[in-house]
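Structural overview
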Amino acid sequence: MSTDFLKLANVGVQKLHPYQPGKPSDELAREMGITDIVKLASNENPLGVSIAVKKGLIECIDELSLYPDANGHYLKQALADKYALKAAQVTLGNGSNDLLEMLTHAFVCASDEVIFAQYSFVVYGLLTQSIGARAVVVPAREYGHDLEAMLDAITPRTKLVFIANPNNPTGTFLKPDALKTFISRVPTHVLVVLDEAYFEYVNVEHAEDSSAWIVEFPNLIVLRTFSKAYGLAGLRIGYSLSNSSIAEILNRIRQPFNCNALALKAAFIALNDRAYLQQTVALNNAGMKNLSDYFKRSSLDFIASEGNFIMVDVQRSADDVYQALLKEGVIVRPLGPYGLKNHLRVSIGTETQNQRFKGALTHVLK
Ligand SMILES: *Cc1c(COP(=O)(O)O)cnc(C)c1O
């Protein structure tokens with residue numbers, strides 16, 4: 001008799017559905033026999049790797065036979081300087097997903113509750129479930145976080161609250177004042193994980209650097225990443241800013257070499273590459289306006305976004321539209337798995353990529 005290994009897995013794991021990544025371009029190329037593919041499915045930086053990072057990585061190649069610096073000393077110090085914090089308040093992760101995982105594993109057990117919003121980042125639910133903890137999903141308000149309802153959902157069993165701001169996949173944004181008031185009302189036995197993967201894209205008029213709030217709120221953890229605006233998604237590097245005692249706990253469960261040598265080097269360079277970041281944000285702002293205008297002209301409802309992506313209601317099965325767009329060589333993200341059956345999320349691309357997307361969508365919806 002063959003063993004049913006699934007029965008041996010932890011109860012939470014038995015019911016897990018793995019994370020669905022955006023379809024890779026070369027997979028589509030293989031399947032469809034097309035070459036000129038536009039991928040706007042994973043909120044990657046359309047500018048690609050910066051020249052400064054490329055140069056640094058080449059210099060780093062000869063060091064790859066050695067283990068990386070397990071403490072990520074230079075990058076942590078650079079981040080600490082940038083945010084006027086201590087290096088002991090910075091934790092580096094193999095992408096900010098690694099930090100989400102460390103936080104969940106360090107603090108949550110099966111009898112605990114974890115709060116997050118409906119239509120928020122799918123990883124929060126996966127992690128909570130993997131531990132067998134109770135996920136308390138708070139219904140969205142106009143596709144964004146209902147902070148008042150999230151406060152009401154807190155019980156003595158609540159351990160973590162995840163908040164993505166801007167939110168993925170909807171693009172909604174919580175203004176600093178509202179967020180700060182919320183955090184001040186969360187009891188300190190509850191950790192607030194503020195996932196700011198799109199921080200660098202937020203319109204400066206709305207932005208406030210939440211890392212400055214850590215002094216006031218010791219239960220606040222701010223997550224940021226090099227995957228989006230810094231254009232390093234493939235290298236896997238992100239970080240958290242927190243109270244140093246939380247960082248010390250994360251360091252206990254962190255795998256010794258969780259950040260690889262190339263990632264540490266690239267992130268260090270990218271952090272100082274102001275021109276690349278400015279260019280990234282300018283391109284995103286122009287593309288966001290361009291796509292928003294196009295949706296308005298096409299009478300398609302969309303949600304105003306502060307990220308590098310936009311969610312649009314295509315008024316029919318988004319999955320069908322997604323499939324039809326694939327045939328045109330355009331990869332976007334259908335949001336059925338989030339319970340948004342008629343919505344697509346599209347990343348802002350270069351002018352040419354946006355053009356391709358608009359042409360393809362117009363064709364598909366005709
Ligand atoms: C993209 C994204 C991340 C970043 O993931 P990495 O592991 O850093 O690549 C985290 N949170 C949200 C909400 C995201 O959209």
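So, how was this worked out
- Residues numbered from 1 in each chain as written.
- Predicted model: local features only at pLDDT ≥ 70, side-chain atom pairs only at ≥ 80, totals over all residues.
- Heavy atoms only, no water.
- Patch = residues over 30% accessible without salt bridge, like charges linked within 9 Å, V, L, I, M, F, W, Y side chains within 5 Å.
- Areas by Shrake-Rupley, 256 points an atom, 1.4 Å probe, with all protein chains shown as cover.
- Salt bridge = Lys/Arg side-chain N within 4 Å of Asp/Glu carboxyl O.
- Helix = DSSP H or I, 4+ residues; strand = E, 2+ residues; numbered from the N terminus.
- Buried < 20%, exposed > 50% of the residue type's maximum accessible area, 1.4 Å probe, protein only.
- Near = heavy atom within 4 Å.
- Polar contact = N/O pair within 3.5 Å; in protein donor to acceptor, adjacent residues only side chain to side chain.
- 1 Å grid on protein atoms, 1.4 Å probe; cavity = no way out; pocket = protein on both sides within 12 Å on 5 of 7 lines; lining within 4 Å.
- Sits in = over half its atoms within 2 Å of the grid points.
- Axes fitted to C-alpha atoms, helices over the stretch in contact; angles between N-to-C directions.
- Parallel < 35°, antiparallel > 145°, perpendicular 65-115°, else oblique.
- Contact = heavy atoms within 4.5 Å.
- Nonpolar A, V, L, I, M, F, W, Y, C, P; charged D, E, K, R; others polar.
- Phe/Tyr/Trp six-rings, centres within 6.5 Å; stacked < 30°, edge-to-face > 60°.
- Lys NZ or Arg CZ within 6 Å of the ring centre and 35° of its normal.
- Points joined across faces, edges and corners; volume = space filled by probe spheres on them.
- Pairing = 2+ DSSP bridges.

1. Quick notes on a nonpolar patch on the surface
- Among the surface-exposed residues, Ile58, Ile61 and Leu64 lie close enough to one another that they form a single nonpolar patch of about 300 Å² accessible area.
- Within the secondary structure layout, Ile58 lies in helix 4 (residues 51-60).
- The exposure class of Ile58 is exposed, given its relative accessible area of 64%.

2. Here's the deal with the site of the ligand
- All residues adjacent to the ligand are Gly95, Ser96, Asn97, Phe121, Asn168, Asp195, Ala197, Tyr198, Thr225, Ser227, Lys228 and Arg236.
- Backbone polar atom of Ser96 to an oxygen atom of the ligand: 2.7 Å apart, as the coordinates give it.
- Between Asn97 and the ligand, the recorded distance is 2.8 Å, taken from a side-chain N or O atom to an oxygen atom.
- Out of a free accessible area of 380 Å², the ligand has 94% covered by protein chains.
- Among the cavities detected, the one that contains the ligand is the second largest pocket.

3. Thoughts on the packing of helix 6 (residues 96-107) against helix 10 (residues 244-253)
- Packing of helix 6 against helix 10 brings their axes to within 9 Å, and their N-to-C directions diverge by 95°. Regarding the angle of helix 6 to helix 10, the classification is roughly perpendicular. Across the interface between the two elements, Leu99, Met102, Leu103, His105, Ala106 and Phe107 from helix 6 touch Ile246, Ile249, Leu250 and Ile253 from helix 10.
- For the contact of helix 6 with helix 10, the per-class residue count stands at nine nonpolar, one polar and no charged.

4. Section: the packing of aromatic side chains
- Tallied over the full model, the rule gives twelve aromatic pairs.
- Here Phe121 and Tyr124 contribute two aromatic rings whose centre-to-centre distance is 5.6 Å and whose plane-to-plane angle is 80°, an arrangement assigned as edge-to-face. Each of the two residues, Phe121 as well as Tyr124, counts as buried.
- Members of the aromatic cluster, connected to one another through ring pairs, are Tyr83, Phe226, Tyr230 and Tyr239.
- Positioned above the aromatic ring of Phe199 is the side chain of Arg224, whose terminal nitrogen or guanidinium carbon lies 3.6 Å from the ring centre.
- Note that Arg345 overlies the ring of Phe309, its terminal NZ or CZ placed 5.8 Å from the centroid.

5. Overview of the environment of Ala178
- With respect to the helices and strands, the residue Ala178 is situated in helix 9 (residues 176-185).
- Here Ala178 falls in the partly exposed class, since its relative accessible area comes to 38%.
- Between the C-alpha atom of Ala178 and that of Tyr276, which follows or precedes it by 98 residues, the distance is 31 Å.

6. Brief notes about the layout of surface pockets
- What the largest pocket holds in volume is close to 780 Å³.
- Forming the boundary of the largest pocket are 36 residues, of which Gln20, Val122, Gly336, Pro337 and Tyr338 lie nearest the centre.
- Those elements giving two or more residues to the lining of the largest pocket turn out to be strand 3 (113-117), helix 7 (122-131), strand 4 (134-138), helix 13 (318-327) and strand 12 (333-334).
- For the lining of the largest pocket, the residue count by class is 18 nonpolar, eleven polar and seven charged.
- Put simply, the second largest pocket is a space of about 670 Å³.
- As for the second largest pocket, its lining consists of 30 residues, and the residues nearest its centre are Tyr19, Asn97, Phe121, Val123 and Arg236.
- Elements with a minimum of two residues in the lining of the second largest pocket: helix 6 and helix 7.
- Element by element, the count of residues in the lining of the second largest pocket is highest for helix 7, at four residues.
- Residues that form the lining of the second largest pocket fall into these classes: twelve nonpolar, ten polar and eight charged.

7. Section: unusual backbone geometry
- Residue Pro166 is reached from Asn165 by a cis peptide bond, and omega for that bond is -10°.
- Position of Pro166 relative to the elements: it lies in the loop between strand 5 (158-164) and helix 9.
- Cis geometry is found at the peptide bond from Asn168 to Pro169, where omega equals 15°.
- The phi torsion at Ala84 lies on the positive side, around 55°, for a residue other than glycine.
- Relative to the assigned elements, Ala84 resides in the loop between helix 5 (73-83) and strand 2 (90-93).
- In this structure Ala84 comes out as exposed when scored by relative accessible area, which is 70%.
- Non-glycine residue Glu142 carries a positive phi angle of around 45°.
- Tracing the chain through its elements places Glu142 in the loop between strand 4 and helix 8 (147-152).
- Look at Glu142 and you get exposed, because its relative accessible area is 71%.

8. Considering the sheet that holds strand 6 (residues 191-195)
- Read across the sheet, seven strands follow the order 2-8-7-6-5-3-4 without closing on themselves; strand pairing throughout is mixed. For this open sheet the edge positions go to strand 2 and strand 4, each flanked by a neighbour on one side alone. Within this sheet the neighbouring strands show an average axis-to-axis angle of 20°, counted without direction.
- Summarising the sheet, strand 3 and strand 4 pair through five bridges and their orientation is parallel. Paired with Ala117 across the two strands is Val138, which belongs to strand 4.
- Of the strands in this sheet, strand 2, strand 7 (220-225) and strand 8 (238-241) touch helix 5, which is tilted by about 130° from strand 2.

Purely spatial values, then, with no claim about function.
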